[in-house]
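Fold and geometry: a report
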Amino acid sequence: RMIWDPTWNNFEETDEAVYLFPNPVERGQTLHVSGNCNVFDGIVICDLCGRTILKAAGNQVGEFSVTLPEGLAQGCYIVKLTRNGSAVKYEKLLVK
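Okay, so let's go over this structure. (Residues numbered from 1 in each chain as written. Predicted model: local features only at pLDDT ≥ 70, side-chain atom pairs only at ≥ 80, totals over all residues. Heavy atoms only, no water.)

**Focus: the side chain of Thr82**
Put simply, the test is: Each helix corresponds to a stretch of at least 4 residues labelled H or I by DSSP, and each strand to a stretch of at least 2 residues labelled E; elements are numbered beginning at the N terminus. Working rule for contacts: check all heavy atoms of both residues, and any pair within 4.5 Å makes them a contact.
Looking at the element boundaries, Thr82 is found in strand S8 (residues 75-83). Once you skip the residues sitting within four places of it in the chain, Thr82 turns out to touch Phe40, Asp41, Gly42, Ile43, Val44, Ala87 and Val88.

**Observations concerning the sheet that holds strand S9 (residues 86-95)**
As a reminder of what qualifies: By this definition, two strands are paired if DSSP reports at least two bridges between them. Interaxial angle, 0 to 180 degrees, is taken between N-to-C directions of lines fitted to C-alpha atoms, where a helix line uses only the stretch in contact.
Spatially, S6-S5-S8-S9 is the arrangement adopted by the four strands of the open sheet, whose pairing is antiparallel. Among the strands making up the open sheet, the edge pair consists of strand S6 (52-57) and S9. The mean angle between the axes of side-by-side strands here comes to 20 degrees, regardless of whether they run parallel or antiparallel.

**Focus: the pairing of S6**
The pairing of strand S5 (residues 42-46) with S6 spans five bridges and is classified as antiparallel. Looking at the pairing, Ile45 lines up with Leu54 of S6.

**Focus on the pattern of salt bridges**
A side chain with one charge can pair with a side chain of the opposite charge if their charged atoms come near. The following threshold applies: Whenever a carboxyl oxygen of Asp or Glu lies within 4 Å of a side-chain nitrogen of Lys or Arg, that contact is scored as a salt bridge. Relative accessibility thresholds used throughout: buried, under 20% of the residue-type maximum; exposed, over 50%; partly exposed, between the two (1.4 Å probe, protein chains only).
Summed over the entire model, instances satisfying the criterion amount to two salt bridges. We note a salt bridge from Asp47 to Arg51, for which the minimum N-O separation is 2.8 Å. Judged by its relative accessible area of 13%, Asp47 is buried. The partner of Lys89 in a salt bridge is Glu91, and the shortest N-O contact between them spans 3.6 Å. For Lys89, a relative accessible area of 17% corresponds to the buried category.

So, in structure tokens, the structure goes:
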């Protein structure tokens, strides 16, 4: 999404490009999150009812890696990228 300010005569990028891979991911496999992640300090994976399945802090500036539990049910999950404990970006994750 772009925001235009008539006083600047330019555009400002407001969306952070984030990539989850592999997606879909298999249970027990490592999920990688990369892109413009340097503004995020944590990752939370929730089921569609909003229950937290996994929570982790960023391990490097600009990328996260988390290993999904072996017993995780197949289905759709929501990945919340957080900054100071508040969700700032949501992504869909499929687990097979």
